[in-house]
Every structure is written in structure tokens, then in C-alpha cells.
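# Architecture at a glance
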Amino acid sequence: MNAENTIISLKNVCKVFDKSFTAVDNFNLDIKRGEFVTFLGPSGCGKTTTLRMIAGFDMPTSGQILLNGQDISLIPPYKRPINTVFQRYALFTHLNIYKNIAFGLQYKRVDDLSKPLKDKEGNPILGENGEQLYAKRKLTKEEIRAKVKYALNLVDLEGFEKRAVSTLSGGQQQRIAIARAIVNEPEILLLDEPLGALDLKMRKEMQLELKAMHKKLGITFIYVTHDQEEALTMSDTIVVMSDGEIQQVGTPKEIYDEPKNAFVADFIGESSIFTGTVQKGNKIKFLGASFDSDPADEGKFALNEKVDVVIRPEDVIISAKDKGTVNAKIVSKIFKGMHYEYITMVGKNEMIAQSTKNFEEESIVGLSVDPENIQIMKKPFTSNYYDGHLTKHCHVSFAGIHANFDVLKLFPGYRLSEEGILINDKGEERDVEGLQVSVEVGFDDLELSDDPNASDLHGEIINMIYLGDHYEVTVWNQDVDEEFIVNTPDLWNIGDNVSLVIKEGGVEVKLKGGR
Amino acid sequence: MEATKTLSRNQGKVHETRKWLCMPYGIFLILFIIFPILLIFYYAFSDPTTGLFTLKNFKSVFEGDSSVTTFKVIGQSLGVAALTTVICILIAYPIAYILANSKWNKNAVLVYLFLLPMWINFVIRTVATKQLLIFFGLDPAMHPWVCSIIGMVYNYLPFAILPLYNTMLKLDKSQIEAAADLGASPVQVFIKTIVPMTVPGIVSAATMTFMPTMSSYVITDALSGRTIKLIGGQIEHQFLHSQLNVGSVYAIIMLALIGLSVVFENFFSEKKKGGR
């Protein structure tokens, strides 16, 4: 990216709260001058923390924030040419509207053109680029009045100067908060879920107005929201975040059409997500059928690789039975005004489809998808990996539990004695206690149970993604701070406490360091 | 129809019985507040020997040499009260700010540390203060004002801390951040947002210290060697010497002063509301 065009860049920014909770993890981003950037993610994904670090309310634990190439990470907020529109407006209740908007102007210093800076000999003092420097002065009362009037005009609240904050509606307070920030002509305007407290109609209106304002002012906007529609409507660039990390950066179209992973696809818009297998001849197998995949994806994936497949409902083509790639049964039909939304079942897999055509419920139809509309994404991984070690009795200990595994596979030529000790043919014993191993447990090798006595392994469900015919559930064990990802056909609730049962032979163990 | 009628009748009965619940307070009010005040007015406006209406008692307080003493006493009372109030708020404000900040005061233990002195009887506290001051070389007889104010501030500081602490707990953090965001330095943030937001706390802290310090005299008596005379002391003195009528006049003066300070307080809180 052209460095001159970059107004702010975050480099390896991390924020850790109370030495244990990582809110933002290694955040790298360059933002162009005049861009409308949106941080989008579910609550708790670190988007507001990132915004607060740019504003200066929080200091990064490590990393740098560069504004026009200058490191501002440790500069206090009042020295930054950045203003914020707060979520709950944060208007000064003890001041009237005029004084609220003029608040920042009273601290603003501008060049006093009548007082060019001169050195002792009377030569003009020049700046870095050879321009004349001037003494600084405060804004005059008239200038402040004019600016306040302009700002009120911009947010369509002329004549509100004398009003008290408490007499304004939520939408009006929001506009004042915006006016109060932009009146200072900041280089960057930060907006922290500014429309979250407004009703739907007002929100839609303000979205368009904010977009128009951005165009008119040419200021860089950094916008934080959890509303994907809002992000898609307003932004030039969307930064999708989850768990303190950037998942994807791109234009709204890129994010929607080419989500990088299942999280982004699931979070942005509606979609059906399946597990597919890459096949020969640029084909992909999912839903029990072979689909032609996007020529652009050719060669990006290994043969037989397990991948996530994302299909947007509007990309599904519904046709008569046996005319599509797969047959499906329509189980539900909802009229949405512009189109019908169908939930169809392909075997045990659910596929959401939209169509303007009318099909009967319970009927069998054919489904197909154009190759370029089949989004294929690398699966982050298909197994859980842990570090573990072997115990005396040839069990493996990892993530706070002991598990059985086929120890003889690890040590060919050995057998187990009656005492459970490894012995080879020559009668030599082998002490395996404490050997470092890596442990792999497949997503399918774990089962969830709500019986607390079903196993020693417990945890809380912290995330769940629906993948067509099953759920991918993330279970977190607090004691050992480990996550277990489990494929399950059943619907659980986030926050449930569950037991994890490892299926027979589900634990794969590899020795570390080639021993 | 019938049903609603009985219902309303029953409700009426409930109201009737509830009325009696305020009886104890009514009796208390009459016995210990209204009756004594009437008694004070009676004594103030009656002749000690004949019991007839007279303004003699007021004349004796506000005429000639005695008026000098009277105004001196009123002046000293107001002076001690005002000084104590101002010092209390100046000390209590930063303390309350620190106490309300969870960074420094994690589970509010520190608050109890500052309120602990209130658990000890204040006469004992004052006697102890006197000994402590003497130990540090501050003899109440030599420095009556310094010692009195130290004693008063020490005794009434918790009353200033509590209301300020309560207001600061409820400070809108986002307004403080907004001020910093808009270019106000930490000092300007304090003056422009934190102080205005804590005005209600300051007003009630001022009332909580000003009113009791106006009428108290035990602390000043003990810590000034009886050289600083306050209205409270004057009333005690008159009543102890069976001058019920003159004592009542002083009591009315004090009543008036406290009434005035209440008016002031209301004025300030009204103005606060008007400015919103």
C-alpha cells in the first residue's frame, strides 16, 4: 500500500487485560486517508478495544499505532487529532447544545496569520517543507459561533443551540454527538456503534446520512458495529474480527462473495455451510454429489482435502426434480416479499435457498449452484491438537485428562507385560513415563453428553456453527484453558456445560522430536 | 357493579387504617419538635417575671455592649462553620475521588477506613485529639483557632466524604473520556466535566458539614480553652444560668441562620437544575 496514502496503521497491536485476557491479538492494519472502514464482529471480539486504542483511551500492551507515520501509541487522547462519537453519546449534561458542540473548539489552536514566526534577525522561520510557520492563537468567539452553526446545519438541527441535552430525543442526541466530533475537523472520526440505540427506521436514515457526511467531509471514518447489514451498507472496507483477531479485510462485496473462512461466511449474511472433499477435475463433492467448482479455485486445494463449502441462499437454483445436481425436499417456505425463502433437505443436510418462483412445500425439487457461486475455503483444521505426555502405565495425559490409546503402535517390536510395562522380545523394559507427545483428537472422535459423570472431561460450549448436516461446537475447559472442537448432529446451547466423551480409538498419539 | 363497590369500600378501609401508621411520627413531631419550638418562641417573647409579651429579651441581646458579644458569637460561629466546611470539602474531594476509583479501592475497604472514626464517641475523640495536639506541641490555649478547626475538620470529614463518594461512584465515565477526546487536558477535564458533574455532591457535603458545625460547641470549647464562643455554647451558658428567655433568643437566632443556609442550598440545587 502506498505509504503516503496511509493515514493510520496498526502494527502488531496487542491488548491484554489483567495480564490474562487477550482482547486484541496481533492486530495489523493500514487505513487509507478518506476511507470508511468498519470493524465488524460479534460482541467481545475486540473491535471496541481496538477503537479505544486508536482514540487513546487504552494503551496497547505491545505494538505500535502510527498516525501519518508517527508513533502515537503512548500519546494521550487530548493530543490526538482524532475524535470519537460514543455509543451512549456521552453529551455533557451540564452544558447546553451550543456549549457541547463548542467544547472541543475552545481548546483548538490555529495559525495566527498576522503573526508569522521570525527568528532574532527577523528572518521567517520555516517548517519542514519550507512553509512559513505562524504563531498559534485561540479561535475567536465569532469563529466558534460560525463553526457550531455549520456543524448544526450539517446534522440538520439548526436552531438547537440553546436547548438542554435532556430535552432531545435519542436520534437528536446522536446527531449532536456527531456534530460535536466533526466540528473539530479531526483527521479521523471514530464511531463506536453510534446507531445501536436507535430504532430501525432511524438507524437506516442515519446510515445514509453518515455515508453522505463522509463523502462531503472527506474525513477518514472508522466505524465499529456488530450489525453486518450496517457494515455492508456503509463501508469502503470491512474488517471482520473474532476473538481479538482479524478474520478478513476486504470490500463489502469481497467479504460477502468470497468469505475467507466459515466464521466470516456464517457471520456475514445467510449461508449454508458444508464440509466438502476436493476431487479430480476441479470438482468438489458435498451433499453426496459432485459439483463443478469455480475455475478460479483450481489448484488451490490438495486432492481429497476436506474443505468448507459456503453457498449463499440466493445462489441456489431451484429446478424440477432430477434437473439439478441434487434432489432436495422443501420442508419450509416463507414469503419474504421480494422472494420465497425455502429450507430444503438434501438427505440429512439443510440448505437454505431463495427463489422468486413458487414451489410447494413437501415437494421434491432439483438444486444446483453455478460453479463461481460455490465458495470453497480451507478448513482451519479438522482435528484438535494438544501437547501431552505419557504416563507410567502407558496412558497419555493431555488437557488435564488421562486417556487410553494403542501404545504398541508407537513402539513397534514391544509388547505389554502383565504389569503394564513395555517389554521387547529381548526382555528389555522401556520406561515411557514423561515422554512428550503430540495428541490429535478428530472433531468426529468426540461426543457431547449432558451427563456430568459421563467422563472426566468437562467444559462450556462457547461457539457453534451450523455446517449443513451437523454443528461444529467449540467446548472450552476453564481449568486447563483448552478448547475442544466437536462435530455433533444435535443442537446444543451456547453456555451449556457438557461432558466430552472420547470415542474408542479416537486418540492419535505421535512422539515428539523423533524419539 | 356491586363487586366494584365493595372493592372500593375495602380500599377505603385500607386507607383509613394506614392513616394510623403515621401516628407515632405525628406524636413524636408534636412532642419533640413543634412543642419545643413553640416553647422557645414563648420564652423569647415573654417577661421572665410576669410572663407577659415583651421585646426586652431581644433588646438585651442586641443593645449596647452585649450586641458586640452577640455579633462576635454569630461571626465566630459562621466563621468556624464556613472554614470547617471549606477545608472538609477540599480534603474530602480528592479522597472521595480516589475511593470511588476501583483501581485504587478494589472492594471498598478503604471507605470503611475513613468512616471508622465515626464509630467512636465524639467526646472521647475530641479529648483524645486535644491530648494528641498537645503531644505535637500545639497547645489549645495558645492556638485556639488552629486547634478548633483541626478538631472540627477531623470530626466532620466523614460527613463530607460520604456524599461526595456517592456522587463520584455514579460519574459518567464516558463524559470524562469525551472531554479528553475533544482536546481537554487532564486539568481541563477536571474543571470542565468532573467538577460540574459532582456539584450535587459538593452541595450536600457542604450542608452535611455546615449545619452541624454551626451548632456544635463541645469541640471548640475543648480545643480552644473556651476562648472561641459559638452560639451553641452561648445557648448552653444561658440555660445553665437559668436565663431561659435570653437563651431562647439565641436559639431563634441559630434557627434563623440554619434556615438561611437551607435556602442557600436549595437555591444552588435549583440553579443546577435550571442550567441543564
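Treat the numbers as computed from the prediction; the structure is a model and nothing was measured. (Residues numbered from 1 in each chain as written. Chains lettered and ligands numbered in written order. Predicted model: local features only at pLDDT ≥ 70, side-chain atom pairs only at ≥ 80, totals over all residues.)

This part is about the overall build of chain A. Helix and strand content of chain A: nine helices and 35 strands. In terms of overall size, chain A is more extended than a compact globule, its C-alpha atoms giving a radius of gyration of 30 Å where 515 residues would be expected to give roughly 24 Å. Summarising its shape, the C-alpha atoms of chain A cover approximately 100 × 65 × 45 Å along the three principal directions. Going through the 515 residues of chain A one by one, you find that 33% of them count as buried. Sequence-distant contacts, at least 24 apart, represent 65% of the contacts inside chain A between residues at least 6 apart. (Helix = DSSP H or I, 4+ residues; strand = E, 2+ residues; numbered from the N terminus. Rg over C-alpha atoms; globule rule 2.2 N^0.38 Å. Buried ≥ 20, exposed ≤ 12 C-beta atoms within 10 Å, placed from the backbone. Contact = placed C-beta atoms within 7 Å.)

Next up on the list: unusual backbone geometry. Even without a glycine there, the phi angle at A:Ala90 is positive, about 55°. Within the secondary structure layout, A:Ala90 lies in the loop between β6 (82–85) and α2 (97–102). A residue is classified by how many C-beta atoms lie within 10 Å of it, and A:Ala90, with 23 of them, is buried. Located in the positive-phi region is B:Ser242, a residue other than glycine, with phi close to 60°. By the secondary structure assignment, B:Ser242 is in the loop between α11 (231–240) and α12 (244–274).

This part is about the interface of chain B and chain A. At the interface, 17 residues of chain B touch 19 residues of chain A. With six residues, helix α8 (residues 173–181) of chain B is the largest single contributor of residues to the side of chain B that touches chain A. For the side of chain B that touches chain A, a count of residues per class yields six nonpolar, seven polar and four charged. (Nonpolar A, V, L, I, M, F, W, Y, C, P; charged D, E, K, R; others polar.)

With that settled, the discussion passes to the packing of helix α4 (residues 64–100) of chain B against helix α9 (residues 186–215) of chain B. All names here are of chain B. Direction vectors running N to C along α4 and α9 enclose 145°, while the axes themselves pass 9 Å from each other. Taken as a pair, α4 and α9 cross one another with a handedness that is right-handed. In this structure, α4 contributes Ser77, Val80, Ala81, Thr84, Thr85, Cys88, Ile89 and Ala92 to the contact, and α9 contributes Ile202, Ala205, Ala206, Thr209, Phe210, Thr213 and Met214. Class assignment for the residues of the contact of α4 with α9 results in ten nonpolar, five polar and no charged. (Axes fitted to C-alpha atoms, helices over the stretch in contact; angles between N-to-C directions. Left-handed = near helix turned anticlockwise from the far one by under 90°.)

We now examine the confidence of the model for chain B. For chain B, per-residue confidence averages 85 on the pLDDT scale, and 91% of positions sit at 70 or higher. Our summary of model confidence lists the complex with pTM equal to 0.72 and ipTM equal to 0.71. (pLDDT = per-residue confidence, 0-100.)

Turning our attention to the packing of helix α6 (residues 122–135) of chain B against helix α7 (residues 144–169) of chain B. Helix packing for two helices is described by the angle between their axes and how far apart those axes are. Residue and element names in this part refer to chain B. At a minimum axis separation of 10 Å, α6 and α7 run at an interaxial angle of 140°. By the angle class used here, α6 and α7 are oblique. When the axes of α6 and α7 are compared, the crossing they make is right-handed. The residues of α7 that touch α6, namely those facing Phe122, Arg125, Thr126, Thr129 and Leu133, are Cys147, Ile150, Gly151, Tyr154 and Asn155. (Parallel < 35°, antiparallel > 145°, perpendicular 65-115°, else oblique.)

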